Amino acid sequence: MSAKPKLRVATVSLAGCFGCHTSFLDIDERFFELLEHVEFDRSPLTDVKEVGPCDIGLVEGGVCNAENVHVLRAFRKHCKVLVAIGACAINGGLPAQRNHLDLDHILLEVYQTGYALDRERAFVPNDPELPLLLDKVRPIREIVHVDHYLCGCPPSADAIWKFLTDLIGGATPYLPYPLRHFD
Ligand code: SF4
């Protein structure tokens, strides 16, 4: 076991599907080895809600609303190294498929006028506590500086493992060709 202090790692899912986090969990028993070198701060794995000072921040998902912007800026502020993990964080991914459509039209169709909805009683949710939607889904690099990109939808567990062990070991992450893919 390393005598060095453990690195602090935070993870978050913005406009994503949690598939990248699920792939992260697919490192399976290697998680125990990882925990010899890192401890987790804010993450769906810990259920900690606010990010504190961290060495590495892993961001899944793009930016689709005002809360995503707020959370992403907090990650950038607190994490020495910020990683965009997966297609959604890198280029908006699947959620960005709404970018060529009118947002008001989408909301009406989904909540009020779509097939099988009761048009008399259905309404578009408008509680002031709901985060304001952005007109487009944005890649995280349009909001904050990103240090590293880990491609894939999702990246495989082996790719995440290689990437993280490089980073934790102080090396620039490098993925050999078989671990690199974009789907
Ligand atoms: Fe899900 Fe793919 Fe986006 Fe990851 S990149 S959050 S797996 S849709």
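As a reminder, the structure under discussion sits directly above these lines.
First, a word on what this report is: a plain description of the structure on this page.

Parameters and conventions
Sequence positions are assigned chain by chain, starting from 1 and proceeding in written order. For a predicted model such as this one, the threshold for reporting local features is a pLDDT of at least 70, and the threshold for listing and counting side-chain atom pairs is 80 or more; totals across whole chains, interfaces and linings nevertheless cover every residue. Heavy atoms throughout the structure, all of them, feed into the side-chain values; hydrogens and water do not. In this text, helices come from DSSP runs of H or I with a minimum length of four residues, and strands from runs of E with a minimum of two, each type numbered from the N-terminal end. Three exposure classes are used, based on accessible area relative to the maximum for each residue type with a 1.4 Å probe and protein chains only: buried under 20%, partly exposed in between, and exposed over 50%. Throughout, a residue-residue contact means that at least one pair of heavy atoms, one from each residue, lies within 4.5 Å. If even one non-hydrogen atom of a residue comes within 4 Å of a molecule or strand, that residue is called near it. Classification convention: Asp, Glu, Lys, Arg as charged; Ala, Val, Leu, Ile, Met, Phe, Trp, Tyr, Cys, Pro as nonpolar; all other residues, Gly among them, as polar. To estimate how far a helix should reach, multiply one less than its number of residues by 1.5 Å. Definition of a polar contact: a pair of N or O atoms within 3.5 Å, with one able to donate and the other able to accept a hydrogen when the atoms are protein atoms, and with sequence-neighbouring residues admitted only if both atoms are side-chain atoms. Aromatic pairing here means that ring centres of Phe, Tyr or Trp (its six-membered ring) are within 6.5 Å. Orientation follows from the plane angle: under 30 degrees is stacked, over 60 is edge-to-face, and everything else is tilted. Here the rule is simple: two strands pair whenever DSSP picks up at least two bridges between them. Each axis is a line fitted through C-alpha atoms, and for a helix only the stretch in contact is used; angles between axes span 0 to 180 degrees, taken between their N-to-C directions. The nonpolar core is taken to be a set of buried Ala, Val, Leu, Ile, Met, Phe, Trp, Tyr and Cys residues, with the residues joined through side-chain atoms within 4.5 Å.

**Some thoughts on the overall build of the protein chain**
Line of reasoning, step 1. Each helix and strand in the protein chain was counted, giving 6 helices and 7 strands.
Line of reasoning, step 2. Traced from its N-terminal end to its C-terminal end, the protein chain shows the element sequence β-α-α-β-β-β-α-β-α-α-β-β-α.
Line of reasoning, step 3. With the principal axes as the frame, the protein chain shows a C-alpha extent of 65 × 35 × 30 Å.
Line of reasoning, step 4. Looking at the protein chain as a whole, 44% of its 183 residues qualify as buried.
Line of reasoning, step 5. For the protein chain, contacts bridging at least 24 residues in sequence account for 74% of all contacts bridging at least 6.

**A look at the site of the ligand**
Line of reasoning, step 1. Around the ligand, the structure places Gly16, Cys17, Gly19, Cys20, Glu60, Gly86, Ala87, Cys88, Gly152, Cys153 and Pro154.
Line of reasoning, step 2. Elements supplying a minimum of two residues to the shell around the ligand: α1 (19–25) and α4 (87–91).
Line of reasoning, step 3. The residue makeup of the shell around the ligand, split by class, is 6 nonpolar, 4 polar and 1 charged.

**Side note on the side chain of Asn65**
Line of reasoning, step 1. Here Asn65 is to be found in strand β4 (residues 63–65).
Line of reasoning, step 2. In this structure, Asn65 is in contact with Pro131, Leu132, Leu133 and Leu134, ignoring residues within four places of it in sequence.

**A closer look at helix α3 (residues 66–78)**
Line of reasoning, step 1. For α3, with 13 residues, the first-to-last C-alpha span of 19 Å sits near the 18 Å given by 1.5 Å per residue.
Line of reasoning, step 2. All buried positions along α3 are accounted for by Asn68, Val69, Val71, Leu72, Phe75 and Arg76.
Line of reasoning, step 3. Tucked inside the fold, the buried residues of α3 contact β1 (7–13), β3 (54–60), β4, β5 (79–85) and β6 (133–138).
Line of reasoning, step 4. Its side-chain oxygen 3.1 Å from the backbone nitrogen of Glu67, Asn65 forms the N-cap of α3.

**Some words on the packing of aromatic side chains**
Line of reasoning, step 1. Applying the stated rule across the entire model yields 3 aromatic pairs.
Line of reasoning, step 2. An aromatic cluster of three or more residues is present, and its members are Phe24, Phe31 and Phe40.

**Concerning the sheet that holds β3**
Line of reasoning, step 1. Taking strand neighbours across the sheet as the criterion, the 5 strands line up as β2-β1-β3-β5-β7 in an open arrangement whose pairing is parallel. The sheet is open, and its two borders are formed by β2 (38–40) and β7 (148–150), each paired with just one other strand. The average angle at which neighbouring strand axes cross in this sheet is 30 degrees, direction not considered.
Line of reasoning, step 2. Bridging between β5 and β7 involves 3 bridges; their strand directions are parallel. If you follow Ile85 over to β7, its bridge partner there is Leu150.
Line of reasoning, step 3. Of the strands in this sheet, β1, β3 and β5 touch α3, which is tilted by about 135 degrees from β5.
Line of reasoning, step 4. Taken strand by strand, helix α6 (residues 157–168) contacts β1, β2, β3, β5 and β7, and its axis lies near 160 degrees from that of β7.

**Considering the nonpolar core**
Line of reasoning, step 1. Counting residues in each nonpolar core, the largest one holds 23 residues, and the members touching the most others are Phe24, Leu34, Leu58 and Leu150.
Line of reasoning, step 2. If one sorts the elements of this core by residue count, α6 sits on top with 8 residues.
Line of reasoning, step 3. Those residues within four positions of Leu150 in sequence are excluded, and the remaining contacts are Val83, Ala84, Ile85, Gly86, Ile90, Pro155, Ala159, Ile160, Phe163 and Leu175.
Line of reasoning, step 4. Formed by 20 residues, the second largest nonpolar core is a distinct cluster that contains Val12, Phe75, Leu82 and Ile90.

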